[in-house]
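Read off the chains here:
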Amino acid sequence: MYMDIKMLYNLMGEVIVLARPKTKTTAQIKNDYARKVYDDVRLQVKKGQKEIIKAHAEVRGESLNGFINRAIQEAMERDNAAYRATEDGTDTKEEAEE
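Residues numbered from 1 in each chain as written. Predicted model: local features only at pLDDT ≥ 70, side-chain atom pairs only at ≥ 80, totals over all residues. Heavy atoms only, no water.

## Details of the overall build of the protein
And then number 1: If you tally the helices and strands in the protein, you get four helices and two strands.
And then number 2: For the protein, the succession of helices and strands along the chain, N to C, is β-β-α-α-α-α.
And then number 3: Put simply, the protein has 98 residues, and 6% of those count as buried.
And then number 4: Restricting to contacts in the protein with at least 6 residues of sequence separation, those with at least 24 account for 2%.
And then number 5: Accessible surface computed for the protein: about 9,400 Å², of which carbon and sulfur atoms make up 54%. (Helix = DSSP H or I, 4+ residues; strand = E, 2+ residues; numbered from the N terminus. Buried < 20%, exposed > 50% of the residue type's maximum accessible area, 1.4 Å probe, protein only. Contact = heavy atoms within 4.5 Å. Areas by Shrake-Rupley, 256 points an atom, 1.4 Å probe, with all protein chains shown as cover.)

Following this line, the structure appears as structure tokens:
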């Protein structure tokens, strides 16, 4: 742990050292919370694609992160529905989508 050290001089010219634990900044507290609550996923897209995706999300009132999360969730729901449909007797993914 880091310590803040302050040196003071008394009336006799003697040095008095005061040490207290350094407190965390607001950013450190937020980063600690984010590490506990969220997983990070790195996504790479071709140059220029990020701005296109971001603009698409903003038109719909979403953040880039919110849009990507929604897109992933919707794709997983479609995939799971198609898989369940094939288990129910349809032969192909295309038949499940009809």
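Now, onward.
## So, the pattern of salt bridges
And then number 1: Here the structure, examined in full by the defined rule, presents four salt bridges.
And then number 2: Of the charged contacts, one joins Arg 35 and Asp 32 as a salt bridge, the two residues approaching to 2.6 Å between their closest N and O atoms. Placement of both Arg 35 and Asp 32 in helix 1 (residues 26-37) is noted, with a separation of three residues, approximately one turn of the helix.
And then number 3: Of the charged contacts in the structure, one is a salt bridge between Arg 70 and Glu 74, with a shortest N-O distance of 3.0 Å. Taken as a pair, Arg 70 and Glu 74 lie in helix 3 (residues 64-87) at a separation of four residues, close to a single helical turn.
And then number 4: Overall, Arg 70 belongs to the partly exposed group, its relative accessible area being 29%.
And then number 5: Taking relative accessible area as the criterion, Glu 74 reaches 33% and is therefore assigned partly exposed.
And then number 6: One network of salt bridges, in which partners are shared, links Lys 24, Asp 32 and Arg 35. (Salt bridge = Lys/Arg side-chain N within 4 Å of Asp/Glu carboxyl O.)

## Notes on the confidence of the model for the protein
And then number 1: Looking at the protein as a whole, its pLDDT mean stands at 84, while 73% of the residues score no less than 70.
And then number 2: Within the protein, helix 4 (residues 93-97) has the poorest average pLDDT of any element, 55, and helix 2 (residues 49-59) the best, 97. (pLDDT = per-residue confidence, 0-100.)

## Some points on a nonpolar patch on the surface
And then number 1: Taken together, the side chains of Tyr 33, Val 37 and Tyr 38 make up a nonpolar region of the molecular surface, amounting to roughly 350 Å² of accessible area.
And then number 2: Assignment of secondary structure puts Tyr 33 in helix 1. (Patch = residues over 30% accessible without salt bridge, like charges linked within 9 Å, V, L, I, M, F, W, Y side chains within 5 Å.)

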